Amino acid sequence: MAIEYREWREGDDLALLEIWGDPETHQARQFRGALAVSSAGAGGMPWRRCIVAEDVIDGVGIPVAAGVVYGAALHPERLWAYIEVARDHRRSGIGATLLTMLRREAEQSPSGVSKLRAKVEPGTAGAAFAEHFGLAPIQRSRLVVVEPGALRLPVFPAKDGGGAANDENAGSDVVMDLATGSVELTDVVGRYYTSIHDWDSPGVLSVGQVQKLFLDELTGAHGAIVLRAQPESAFGAGVAPSRKGRIRAFAVSYAAPAQDPNQDQAQDAPAGGSEVPTDVFVGHEPALAADDATEAVRDILALIAYQHPVMLELDDSMTALRAAVEPLLESGKARLAGPETLVVSD
């Protein structure tokens, strides 16, 4: 076996697809798209170095593996890396050579950043490879489906203070729909995202970036509900408050992506013909005390999952959300929607 290495060229994706076949993991499906022609990082394009390994047979090179390292505007303190080797060429040193080459390329990145990060699925060949070469987990992420009625609905006092709790007006001053273009919502979503990524800083996020990442129409965001603090009047209890309470928690819902006509729809359908869960992003005001944040997240989750299932991403750094969701996983009122993902890094 004679292996040679070269820069990525147009058409390599099709050649490798024939050798690799279908992606083995969700991470492979996600990162294969990052394999592309190298870029110097000019003209708004991210810096990228992509290398292909060819098995040369009778003078003809057949692509069997590839690796890429690239920068990103979001989370700029590390470079993303991805390597894939054809099954029948593994354990022959190709992956190790590609990683060494990518690390050398990373040392020359224009940003000066050379630390690598990657996503792997526990128990897979990729996870074993990462561990062997010193890439250790820095975060765990799970996709969780919360079943309808998993949490008891919160009890709200009557809006005017004189009626029964949970009457038709109860909670109307604290539970509200909010436009995804709201500056108030954008502010709390951006600060929450930053607060749960202290392990891999996203950098300073502008209002426009937060909108583009989480709330823009192109993200699929089509609705938001917020849980506010009880409004208080500056003139005492006898005077109606003129301002809404601050946002304690939020839930943004997303439209389901269009179905790939070439994908087996039955493969992704819930077992037993149950209802397809709605994707949601749930978070809270980062300044809340831990107990208050947990209560707020639990209450808004109870509201959005009262009649219909919802699916959310649960990172280990999401302390309040974990406190609300992990007991549901233990009791069977929530379930994992797929394998865990580990973010590993130097």
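Everything that follows concerns the structure shown earlier in this document.
Residues numbered from 1 in each chain as written. Predicted model: local features only at pLDDT ≥ 70, side-chain atom pairs only at ≥ 80, totals over all residues. Heavy atoms only, no water.

Asks: For this particular structure, what's the right way to read the environment of Gln27?
Replies: For Gln27, the location among the structural elements is in helix α2 (residues 26-31). For Gln27, a relative accessible area of 3% corresponds to the buried category. Spatially, the C-alpha atom of Gln27 lies 9.2 Å from that of Tyr82, the residues being 55 residues apart in sequence. Apart from residues no more than four positions distant in its own chain, Gln27 is found in contact with Tyr82, Lys119, Val120, Glu121, Glu340 and Thr341. (Helix = DSSP H or I, 4+ residues; strand = E, 2+ residues; numbered from the N terminus. Buried < 20%, exposed > 50% of the residue type's maximum accessible area, 1.4 Å probe, protein only. Contact = heavy atoms within 4.5 Å.)

Asks: Teacher, can you tell me more about the pattern of salt bridges here?
Replies: For the coordinates displayed, the defined rule picks out 21 salt bridges. With a shortest N-O distance of 2.8 Å, Arg103 and Asp346 are connected by a salt bridge. Residue Arg103 is found in helix α3 (residues 94-106), and its partner Asp346 is found in the segment after β13 (341-345); the two are separated by 243 residues along the sequence. Arg103 gets classed as partly exposed once you look at its relative accessible area, which sits at 28%. In this structure, Asp200 engages Arg117 in a salt bridge whose closest nitrogen and oxygen atoms are separated by 2.9 Å. (Salt bridge = Lys/Arg side-chain N within 4 Å of Asp/Glu carboxyl O.)

Asks: Sorry, what's going on with the nonpolar core here?
Replies: Taken as a class, soluble globular proteins show a tendency for nonpolar side chains to be buried jointly. The biggest cluster of nonpolar side chains holds 51 residues, and the ones touching the most others in it are Val146, Leu185, Phe250, Val282 and Leu312. Counting residues per element, this core draws most heavily on helix α8 (residues 290-304), which supplies seven residues. Setting aside its immediate chain neighbours within four residues, Val146 contacts Leu301, Ala305, Pro309, Val310, Leu312, Leu328, Lys333 and Ala334. Formed by 31 residues, the second largest nonpolar core is a distinct cluster that contains Trp8, Ala28, Ala66 and Val85. (Core = buried A, V, L, I, M, F, W, Y, C linked by side-chain atoms within 4.5 Å.)

Asks: How do you make sense of the packing of aromatic side chains when you look at a structure like this?
Replies: What characterises a pair of aromatic rings is the spacing of the ring centres plus the angle enclosed by the ring planes. What the rule picks out here adds up to eight aromatic pairs. Measuring from centroid to centroid gives 5.7 Å for Tyr192 and Phe250, while their planes differ by 85 degrees, and the two rings are edge-to-face. Here Tyr192 is found in helix α5 (residues 183-195), whereas its partner Phe250 is found in strand β9 (residues 247-254), with 58 residues between them in sequence. Classification of Tyr192 as buried rests on a relative accessible area of 1%. Put simply, the rings of Tyr192, Tyr193, Phe214, Phe250 and Phe281 touch in pairs and so form one group of aromatic residues. Geometry around Tyr70 places Arg48 over its ring, the cationic atom sitting 5.4 Å from the centre. Lying across the ring of Trp80, Arg117 places its NZ or CZ 4.4 Å from the centre. (Phe/Tyr/Trp six-rings, centres within 6.5 Å; stacked < 30°, edge-to-face > 60°. Lys NZ or Arg CZ within 6 Å of the ring centre and 35° of its normal.)

Asks: Even after reading the chapter, I still don't get α5, so can you show me in this structure?
Replies: Along an α-helix, a turn takes 3.6 residues, which lines up residues three or four apart on a common side. Taking 1.5 Å per residue as the helical rise, α5 with its 13 residues ought to reach 18 Å, and the 18 Å between its terminal C-alpha atoms agrees with that figure. Residues of α5 that are buried in the fold lie against α6 (207-215), β8 (221-228), β9 and β10 (278-284). Where α5 starts, the residue carrying a side-chain oxygen 3.2 Å from the main-chain nitrogen of Glu184 turns out to be Ser182. (Expected span 1.5 Å × (residues − 1). Polar contact = N/O pair within 3.5 Å; in protein donor to acceptor, adjacent residues only side chain to side chain.)

Asks: Hey, could you run me through the side chain of Ser345 in this one?
Replies: Locating Ser345 in the fold gives a position in strand β13. By relative accessible area, Ser345 is classed as buried at 1%. With near-sequence residues (within four places) excluded, Ser345 lies in contact with Arg78, Leu116, Arg117, Gly134, Leu135, Ala136 and Ile138.

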